[in-house]
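Chains, contacts and geometry: an overview
As a plain string of letters, each chain reads:
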Amino acid sequence: MAQNRSSVVIIGGGIMGGDIAIIYAANGWDVHVMSPSSRTREALPSRMDAGLKKLGAPAASATRVKTYAALQDIDWKPVGMVVEAATEDLALKQRLFGEIEALVGTDVPLTSNTSNFPIGEIGKKLRHRGRVLGLHFFMPAHLVPLVEVVSADATDPEVAEHVVELMKRLGKAPIWVKKDVPGFVGNRIQHAMMREALYLIQDGIVSPEGVDTAVRYGFGFRFIACGPIMQKEMSGWDTNFFVASALYPHLYNNDGPPPLLKELVDANRLGMKTKRGFWDWNDQKIAQEKARIEKALQAGMKILKDEAE
């Protein structure tokens, strides 16, 4: 395996790809970002400068990042890792992985940041499927520590373990997802909560503001200190058993999203991207809210770093 090569190719320089590039550059890697979009390539330097500043990395780290319009323009010999963060299009990802396999050494891990597609499907046409795995970052990737390292059936466990250790060295908090299940781990837990929240809003039980307050100032507040399993270790699994026995029959278990969500989509109330969602937005409000969230994430990251030291 490409143990000693600190050069990474990132496919896609958009929201996720650009933030992933910041992580590697901040840790001294040479970063090669391929994007066919000239607009994306031109915007990347300013994004790198801002992101590296938030991580407290030297500004000179940005000089390690180079952009390319095509995969063939990259010098693949020193590359030790590939991260695909292209548009969520399965056929596109399969084509890209086929092209990459022909360019890079057989000892280099090939990873996808997808959250939608099975990793096994993305790599199923490759000759060397053992080095294909998921590498799912959470937005914003440079500020949220969690990374899911996802094994498909054909993934070599040693490759997965190598990538887990690499993510730790990059300052991330990786988990090894050992089965290629839909949604992996983070999104399954997140969407279980989201289903309950949206149906509670749909049925007039609580407002959108009420949901956010319950999470941020209730169980979400303590999650920075301990996860749900540790919390129940403290409170007792007997208590959890009795509460679960009484409560679970009343939880929503619908196999689709509530009509409320379809109504939002049909009305083009998509949130900040269309300036309307549950709430109305303008450019100033969007900038203020994103700045507030990033500040809170940085404070949370400092807490976790101090705890680890």
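Just so you know, the residues in each chain are numbered from 1, in the order the chain's sequence is written. In keeping with the model being predicted, local features are shown solely for residues with a pLDDT of at least 70 and side-chain atom pairs are shown and tallied solely at 80 or more, while totals for entire chains, interfaces and linings include all residues. Excluded from the side-chain calculations are hydrogens and water; all other atoms, namely the structure's heavy atoms, are used.

Quick look at the environment of Trp-237 now. The helix and strand labels rest on DSSP assignments: H or I over at least four residues marks a helix, E over at least two residues marks a strand, and numbering proceeds from the N terminus. In this fold, Trp-237 is placed in helix α9 (residues 237–247). Not counting the four nearest positions on each side in its chain, Trp-237 is found in contact with Ile-229 and Lys-232. A polar contact of 2.7 Å, which involves the side chain of Trp-237, links it to the side chain of Glu-233. By definition, residues are in contact when any of their heavy atoms lie within 4.5 Å. The definition of a polar contact used here is a pair of N or O atoms within 3.5 Å, where within protein one atom must be able to donate a hydrogen and the other to accept one, and adjacent residues in sequence count solely through side-chain atom pairs.

Let us now look at helix α5 (residues 157–169). One less than the residue count of a helix, multiplied by 1.5 Å, gives the span that helix is expected to have. Helix length check: α5, at 13 residues, gives a terminal C-alpha distance of 19 Å against a target of 18 Å (1.5 Å per residue), a fit within 8%. Classification of residues uses two cut-offs on accessible area relative to the type maximum, computed with a 1.4 Å probe and protein chains only: under 20% is buried, over 50% is exposed, and between them is partly exposed. For α5, every residue scored as buried is listed here: Val-159, Ala-160, His-162, Val-163, Val-164, Leu-166 and Met-167. Buried residues along α5 sit in contact with α1 (15–26), β4 (81–84), β6 (132–137), β7 (146–151) and β8 (173–177). A distance of 2.9 Å separates the backbone nitrogen of Glu-158 from a side-chain oxygen at the start of α5, and that oxygen is part of Asp-156. Within two residues after α5, Gly-171 carries a phi angle of roughly 85°, on the positive side.

With that settled, consider the sheet that holds strand β5 (residues 110–112). Within the open sheet, the eight strands sit side by side as β3-β2-β1-β4-β5-β6-β7-β8. Their pairing is mixed. Two strands bound the open sheet, and with one partner strand each, they are β3 (65–68) and β8. Across the sheet, the axes of successive neighbouring strands diverge by a mean angle of 25°, strand direction being ignored. In this description, strands pair whenever DSSP reports at least two bridges between them. One ladder, built from four bridges, connects strand β2 (residues 30–34) with β3; its direction is parallel. Looking at β3, one finds that His-32 is bridged to Lys-66. Axes here mean lines fitted to C-alpha atoms, for a helix over just the part in contact, with angles spanning 0 to 180 degrees between N-to-C directions. α1 rests against β1 (7–11), β2, β3, β4 and β6 of the sheet, and its axis sits at about 170° to β1.

Okay, the pairing of β2 next. Here is the key point about a regular strand: its side chains alternate between the two faces of the sheet. β2 sits mainly inside the fold: four of its five residues count as buried. The sheet contact formed by β1 and β2 spans five bridges and is parallel. By the bridge assignment for β2, Val-8 is matched with Val-31. Crossovers are marked right-handed if the path from the first strand over the helix to the second runs clockwise, as seen with the strands pointing away from the viewer. Handedness of the β1-α1-β2 crossover: right-handed. A crossover links β2 with its parallel partner β3, the connecting element being helix α2 (residues 38–55), and its sense is right-handed.

This part is about the nonpolar core. For our purposes a nonpolar core is just a set of buried Ala, Val, Leu, Ile, Met, Phe, Trp, Tyr and Cys residues, chained together by side-chain atoms within 4.5 Å. Tyr-24, Val-31, Leu-135 and Met-167 are the most contacted members of the largest nonpolar core, which totals 34 residues. Counting only elements with at least two residues in this core, the list comes to β1, α1, β2, α2, β4, β6, β7 and α5. Per-element accounting of this core gives the leading share, seven residues, to α1. Each residue touching Val-31, except ones within four places of it in the same chain, is listed here: Val-8, Ile-10, Ala-21, Tyr-24, Ala-25, Arg-64, Val-65 and Lys-66. With 25 residues, the next largest nonpolar core counts Met-34, Leu-71, Val-79 and Val-104 among its residues.

It is at 6 Å that the axes of helix α8 (residues 228–235) and α9 come closest, and there the two elements cross at 105°. Between α8 and α9, the angle falls in the class roughly perpendicular. Contacts between α8 and α9 involve Ile-229, Lys-232, Glu-233 and Ser-235 on the former and, on the latter, Trp-237, Thr-239 and Asn-240. For this classification, the nonpolar set comprises Ala, Val, Leu, Ile, Met, Phe, Trp, Tyr, Cys and Pro, the charged set comprises Asp, Glu, Lys and Arg, and every other residue, Gly included, is treated as polar. Along the lines of polarity and charge, the residues of the contact of α8 with α9 split into two nonpolar, three polar and two charged. Our angle categories are set so that under 35 degrees counts as roughly parallel, over 145 as roughly antiparallel, 65 to 115 as roughly perpendicular, and the remainder as oblique.

Turning our attention to α2. When the terminal C-alpha atoms of α2 are compared, their 26 Å separation across 18 residues agrees well with the 26 Å that a helix rising 1.5 Å per residue should span. Here the bend at a residue means the angle between the axes of two seven-residue stretches, the one that ends at it and the one that starts at it. At Leu-44, α2 shows its largest bend, some 35°, and a proline, Pro-45, comes one to four positions later. Check the buried side of α2 and you find it contacts α1, β2 and β3. Remark: Gly-56 follows α2 within two positions and exhibits a positive phi of approximately 70°.

Attention shifts here to the environment of Asp-19. Relative to the elements of secondary structure, Asp-19 occurs in helix α1. Owing to a relative accessible area of 8%, Asp-19 belongs among the buried residues under this scheme. Distance from Asp-19 to His-142, taken between C-alpha atoms, is 5.4 Å for residues 123 residues apart in sequence. Not counting residues up to four positions away in its chain, the partners in contact with Asp-19 are Gly-14, Arg-47, Pro-140, Ala-141 and His-142. In terms of polar contacts, Asp-19 uses its side chain to reach the side chain of Arg-47, at 2.8 Å.

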